[in-house]
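Listed below, chain by chain, are the residues.
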Amino acid sequence: MTRRIIVTGGAIIRDLAGRILLQRRSDYGDWGLPGGGMEAGEQIEETMIREVREETGLEVISYELAAIYTGERMNYTYPDGNEVVFVMFLFHVTAELEGKLAEDHKTLLFEDEQKESLQLVFHQLDEIDLSAINKVQQPVFIDLMQGEATLLRH
C-alpha cells in the first residue's frame, strides 16, 4: 500500500490564562489541535485559518509560524487502514474569544456544521493526558511541555 503525504495547517490557540484549546474529534474520538488538510491552491496560512473557522467558529486575529513537523514521527495509520505521512505546519494563533466561552470559562461554545468537533476545551499543558492525544500530535504536545521551540521538528 502506498502512503500519501498530507500537508496540514494547525493552530495553537491560547486563552488569556495561557491554556491551549483542544479539540476532541468525532472521527477518532481523541484530542488534538484544531487544523486539517490543505486544499489545492491554498497557502498554508489559509488552510489553518479555514480549518480554525470550520472546526471552532473562531476568527483568527493574528498568527505566527510555530513549528513544522516532518519525518518518521508523522507516519499515521487511519482506523480504516490507510497509511499517510503528515507534514504539519503549526501556528501560534490569537483568536477573538469574547462571548465564546461557556460558564466554566474553558469550554468553547460552538457546533460545527460538519460535526468534526465533539468538544472544544481549553487546558493547561500540565493537565493534558498524552494518552488521550491523537498519536500523530503527541510529539507536538511533548515538545510544548518540554519547551522545545526550534522551527523544524523531526
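Residues numbered from 1 in each chain as written. Predicted model: local features only at pLDDT ≥ 70, side-chain atom pairs only at ≥ 80, totals over all residues. Heavy atoms only, no water.

1. Some points on the nonpolar core
Link 1 in the chain: Counting 24 residues, the largest nonpolar core has Leu22, Leu33, Phe86 and Phe141 as the members making the most contacts within it.
Link 2 in the chain: At four residues, strand β7 (residues 83–95) tops the list of elements feeding residues into this core.
Link 3 in the chain: Sequence-distant contacts of Phe141, that is, excluding residues within four places in its chain, are made with Leu22, Gly32, Leu33, Leu125, Ile128, Leu130 and Ile133.
Link 4 in the chain: Leu21, Ile68, Phe91 and Leu120 belong to the second-largest nonpolar core, a separate cluster that totals 17 residues. (Core = buried A, V, L, I, M, F, W, Y, C linked by side-chain atoms within 4.5 Å. Buried < 20%, exposed > 50% of the residue type's maximum accessible area, 1.4 Å probe, protein only. Helix = DSSP H or I, 4+ residues; strand = E, 2+ residues; numbered from the N terminus. Contact = heavy atoms within 4.5 Å.)

2. Considering the environment of Thr56
Link 1 in the chain: By the element assignment, Thr56 lies in helix α1 (residues 44–56).
Link 2 in the chain: Sequence separation between Thr56 and Glu103 is 47 residues; the distance between their C-alpha atoms is 17 Å.
Link 3 in the chain: The residues contacting Thr56, other than those within four sequence positions of it, are Leu21, Pro34, Glu51, Leu108, Phe110 and Leu120.
Link 4 in the chain: Here the side chain of Thr56 touches Val52 through a polar contact of 2.5 Å, landing on its backbone oxygen.
Link 5 in the chain: In terms of polar contacts, Thr56 uses its side chain to reach the backbone amide nitrogen of Leu58, at 3.1 Å. (Polar contact = N/O pair within 3.5 Å; in protein donor to acceptor, adjacent residues only side chain to side chain.)

3. Topic: the pattern of salt bridges
Link 1 in the chain: A complete count under the given rule lists 13 salt bridges for this structure.
Link 2 in the chain: In this structure, Glu39 and Arg50 form a salt bridge, with 3.6 Å as the shortest nitrogen-oxygen distance. With Glu39 in the loop between β4 (35–37) and α1 and Arg50 in helix α1, the pair connects residues that are eleven residues apart, well separated along the chain.
Link 3 in the chain: Overall, the relative accessible area of 12% leaves Arg50 in the buried class.
Link 4 in the chain: One salt bridge in this structure joins Arg153 and Asp143, with 2.8 Å as the shortest N-O distance. On the criterion of sequence distance, the pair formed by Arg153 in strand β9 (residues 152–153) and Asp143 in helix α2 (residues 138–146) is long-range, its members being ten residues apart. Of the two residues examined, Arg153 and Asp143, each falls in the buried class.
Link 5 in the chain: Taken together, the shared-partner salt bridges connect Glu39, Glu42, Arg50, Glu51 and Glu54 into one network. (Salt bridge = Lys/Arg side-chain N within 4 Å of Asp/Glu carboxyl O.)

4. Things to note about the packing of aromatic side chains
Link 1 in the chain: In the structure shown here, the tally under the stated rule is six aromatic pairs.
Link 2 in the chain: The structure contains a cluster of three or more aromatic residues connected by ring pairs, namely Tyr28, Tyr76, Tyr78 and Phe86. (Phe/Tyr/Trp six-rings, centres within 6.5 Å; stacked < 30°, edge-to-face > 60°.)

5. Considerations on α2
Link 1 in the chain: Residues of α2 that are buried: Pro139, Val140, Phe141, Asp143 and Leu144.
Link 2 in the chain: Check the buried side of α2 and you find it contacts β1 (4–13), β2 (20–25), β3 (31–32), β5 (60–69), β7 and β9.
Link 3 in the chain: Following α2 by one or two positions, Gly147 adopts a phi angle in the positive range, close to 75°.

6. As for unusual backbone geometry
Link 1 in the chain: In this model, His105 sits at a positive phi of 65°, which is unusual for a non-glycine residue.
Link 2 in the chain: Residue classification places His105 among the exposed residues on the basis of a relative accessible area of 57%.
Link 3 in the chain: Although it is not a glycine, Lys115 adopts a positive phi angle of roughly 60°.
Link 4 in the chain: Within the secondary structure, Lys115 is located in the loop between β7 and β8 (117–123).

7. A word on the side chain of Glu51
Link 1 in the chain: By secondary structure assignment, the location of Glu51 is in helix α1.
Link 2 in the chain: Excluding residues within four positions of it along the chain, Glu51 makes contact with Gly35, Gly36, Gly37 and Thr56.

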